[in-house]
Amino acid sequence: MNLKNAIALVTGGGSGLGEATVREFSAVGAKTVILDLPASPGAKVAESLGANALFVEADVASGDQVTEAVAKAVAKFGTINVVVNCAGIGRAMRTVTKEGPHTLDLFSKVIAVNLIGTFNVIRVAAAQMAKNQPGPDGERGVIVNTASVAAFDGQIGQAAYSASKGGVVAMTLPIARDLASLGIRVCTIAPGTFETPMLAGLSEPSRKALAAQIPFPQRLGRPSEYAALARHIVENEMLNGETIRLDGALRMAPR
Ligand code: NAD
């Protein structure tokens, strides 16, 4: 799908990988809808892009809020052609800690945002995409999800996060199959370690240690590199039902 004049909804578009995607898509002529939490920098990002960008507040884990957010996007721009799911949280806890078992609340929260939130946005947005006029090859929409290499090699403390991202990887093919007859493609990007606010809490030595684990290039990924792949997935009609690692050949160690 050509991004020029496409309408792209990016969850978590106020920060990190999502913000980079909004800016990349916007630079090639897409209209962008930034779906993010009220306290996020989403409104500021939208403001910096002018009339072709809209900020909508929503928690991806809420059925009502996402339905309302998609309705607002459609009211402003007419429809949605592209979704990039970047909203996510990373929380770490061992299965058993000195204080006792992993809290069930934390496990549920990570699954609710990263996995259920991703599916929630897909289901509502795809129902809207189904109404689009098909392109020359029958294409009506493209959905790009964000997993993580933790879906495959989760580290100590990542049970909840890895389970949530493993779920995103696992549902990519069945959703692509579900939506094939509607002309909607679905792919997932599994990033390694990227230089975003999510990693900003780490000390400089920890960031250097993370970068040192990457065979080549031995540095953290740039959000623009994620955005470039998201753009390619949208533009390359043969990519469907697949998860692509974007990690410089990183295979995470246990810790
Ligand atoms: P980030 O913290 O910079 O951005 C995440 C965005 O998601 C924020 O704007 C936040 O407000 C939003 N968000 C969080 N919970 C939300 C909710 N319930 N509803 C709506 N929006 C919500 O992080 P990032 O590094 O850009 O991460 C983006 C995605 O990439 C996440 O899914 C993350 O798990 C994944 N990822 C990141 C890395 C990395 O190294 N940075 C690696 C692998 C995967």
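Presented here is a report on the structure given in the accompanying data block. Residue indices follow the written sequence of each chain, beginning from 1 at its first position. Local features in this predicted model are restricted to residues of pLDDT 70 or higher, and side-chain atom pairs are both shown and tallied only at a pLDDT of 80 or more, whereas totals for entire chains, interfaces and linings draw on every residue. Based on all heavy atoms of the structure, the side-chain values leave hydrogens and waters out of the count.

### Considering the pattern of salt bridges
What makes a salt bridge here is a side-chain nitrogen of Lys or Arg within 4 Å of a carboxyl oxygen of Asp or Glu, nothing more. For the structure on display, the rule yields 12 salt bridges. Between Arg 185 and Glu 139 there is a salt bridge, with its nearest N and O atoms 2.6 Å apart. A residue pair is termed long-range when its members are at least 10 positions apart, and Arg 185 in strand E8 (residues 184–191) and Glu 139 in the loop between helix H4 (104–129) and strand E7 (141–146) qualify at 46 residues. Glu 139 shares its class with Arg 185; the two are buried. In this structure, the salt-bridge partner of Asp 247 is Arg 245, at a minimum N-O distance of 2.7 Å. The buried label applies to any residue whose accessible area, calculated with a 1.4 Å probe on protein chains only, is under 20% of its type's maximum; exposed applies above 50%, and partly exposed to all values in between. On the accessibility criterion, Asp 247 (12% relative accessible area) is buried. One network of salt bridges, in which partners are shared, links Asp 153, Arg 245, Asp 247 and Arg 251. Helix and strand definitions follow DSSP, with helices as H or I runs of at least four residues and strands as E runs of at least two, each counted in order from the N terminus.

### Some points on the packing of helix H1 (residues 16–27) against helix H2 (residues 42–49)
Two elements in contact, H1 and H2, have axes whose closest approach is 11 Å; the angle formed by their N-to-C orientations is 15°. Taken together, the axis directions place H1 and H2 in an arrangement best described as roughly parallel. Crossing handedness for the pair H1 and H2: right-handed. For the pair formed by H1 and H2, the contact residues are Glu 19, Val 22, Arg 23 and Ser 26 on the first element and Val 45, Ser 48 and Leu 49 on the second. Residue classes follow a fixed rule: Ala, Val, Leu, Ile, Met, Phe, Trp, Tyr, Cys and Pro count as nonpolar, while Asp, Glu, Lys and Arg count as charged, and any other residue, Gly among them, counts as polar. By residue class, the composition of the contact of H1 with H2 is 3 nonpolar, 2 polar and 2 charged. The angle between two axes is taken between their N-to-C directions and runs from 0 to 180 degrees, where each axis is a line fitted to C-alpha atoms and a helix contributes only its stretch in contact. Angle categories are assigned with fixed cut-offs, so that under 35 degrees is roughly parallel, over 145 is roughly antiparallel, 65 to 115 is roughly perpendicular, and the rest are oblique. By definition, turning the near helix anticlockwise from the far helix through less than a right angle yields a left-handed crossing, and turning it clockwise yields a right-handed one. Note on contacts: a residue pair is in contact if any heavy atoms of the two residues lie within 4.5 Å.

### Looking at the pairing of E7
Burial analysis of E7 places 6 of its 6 residues in the buried class, which makes it a mostly covered element. The two faces of E7 match: Gly 141, Ile 143 and Asn 145 on one face and Val 142, Val 144 and Thr 146 on the other face are all buried. As paired elements, E7 and E8 share 6 bridges and run parallel to each other. Along E8, the bridge assignment pairs Ile 143 with Val 186. A crossover connection joins E7 to the parallel E8 through helix H5 (residues 159–180); in handedness this β-α-β unit is right-handed. We call two strands paired when DSSP finds no fewer than two bridges between them. By the criterion used throughout, a crossover qualifies as right-handed when its path from the first strand across the helix to the second strand runs clockwise, the strands pointing away from the viewer.

### Details of the nonpolar core
Ranked by size, the top nonpolar core spans 40 residues in total, and within it Leu 9, Val 33, Val 83, Ile 143 and Leu 179 carry the most contacts. Of all the secondary-structure elements, those providing two or more residues to this core are strand E1 (7–11), strand E2 (31–36), strand E3 (53–57), helix H3 (63–77), H4, H5 and E8. In this description, a nonpolar core means a group of buried Ala, Val, Leu, Ile, Met, Phe, Trp, Tyr and Cys residues linked to one another through side-chain atoms lying within 4.5 Å. Within the second largest apolar cluster, 27 residues are counted, among which are Met 1, Ile 34, Val 82 and Val 84.

### Points about unusual backbone geometry
Leaving glycine out, the prevailing phi sign among residues is negative, and the prevailing peptide bond configuration is trans. Cis geometry is adopted by the peptide bond preceding Pro 217, which originates at Phe 216 and carries an omega value of -5°. Note that Pro 217 resides in the loop between helix H7 (204–212) and helix H8 (223–235). For Asn 5, which is not glycine, the phi torsion reads 70° and is therefore positive. Relative to the assigned elements, Asn 5 resides in the segment before E1.

### Here's the deal with the site of the ligand
Nearness is judged by heavy atoms alone; a residue qualifies as near a molecule or strand once a single heavy atom is within 4 Å of it. Lining the immediate environment of the ligand, one finds 28 residues, of which Ser 15, Asp 36, Tyr 161, Phe 194 and Thr 196 sit closest. Distance and chemistry together define a polar contact, namely a pair of N or O atoms within 3.5 Å, with one atom able to donate a hydrogen and the other to accept it when in protein, and with adjacent residues in sequence counting only for side-chain atoms on both sides. Asp 59 is positioned such that a nitrogen or oxygen atom in its side chain is 2.9 Å from a nitrogen atom of the ligand. A distance of 2.6 Å separates an oxygen atom of the ligand from a polar side-chain atom of Tyr 161. Contact with the protein chains removes 92% of the 830 Å² of surface that the ligand exposes when unbound. Contributing elements (two or more residues each) for the shell around the ligand: H1, H5 and helix H6 (197–200). Ranked by residue count, the leading element in the shell around the ligand is H6, at 3 residues. Looking at side-chain class alone, the shell around the ligand contains 15 nonpolar, 10 polar and 3 charged residues. Under the convention used here, a 1.4 Å probe and the Shrake-Rupley method define accessible areas, while residue burial counts only the protein chains that appear.

### So, the layout of surface pockets
Its boundaries defined by the atoms lining it, the largest pocket holds a volume of some 1200 Å³. Lining the largest pocket are 46 residues, and of these Gly 88, Ile 89, Gly 90, Tyr 161 and Met 198 lie nearest its centre. Mapped onto the lining of the largest pocket, the elements with two or more residues apiece are H1, E2, H4, H5, H6 and H7. The residue makeup of the lining of the largest pocket, split by class, is 24 nonpolar, 16 polar and 6 charged. In this analysis the probe radius is 1.4 Å and the grid spacing 1 Å, with only protein atoms considered; a cavity is a set of points the probe fits into but cannot get out of, a pocket is an open set with protein on both sides within 12 Å along at least five of seven lines, and lining residues have an atom within 4 Å of a point. Grid points are joined across faces, edges and corners, and a volume is the space filled by probe spheres set on the points.

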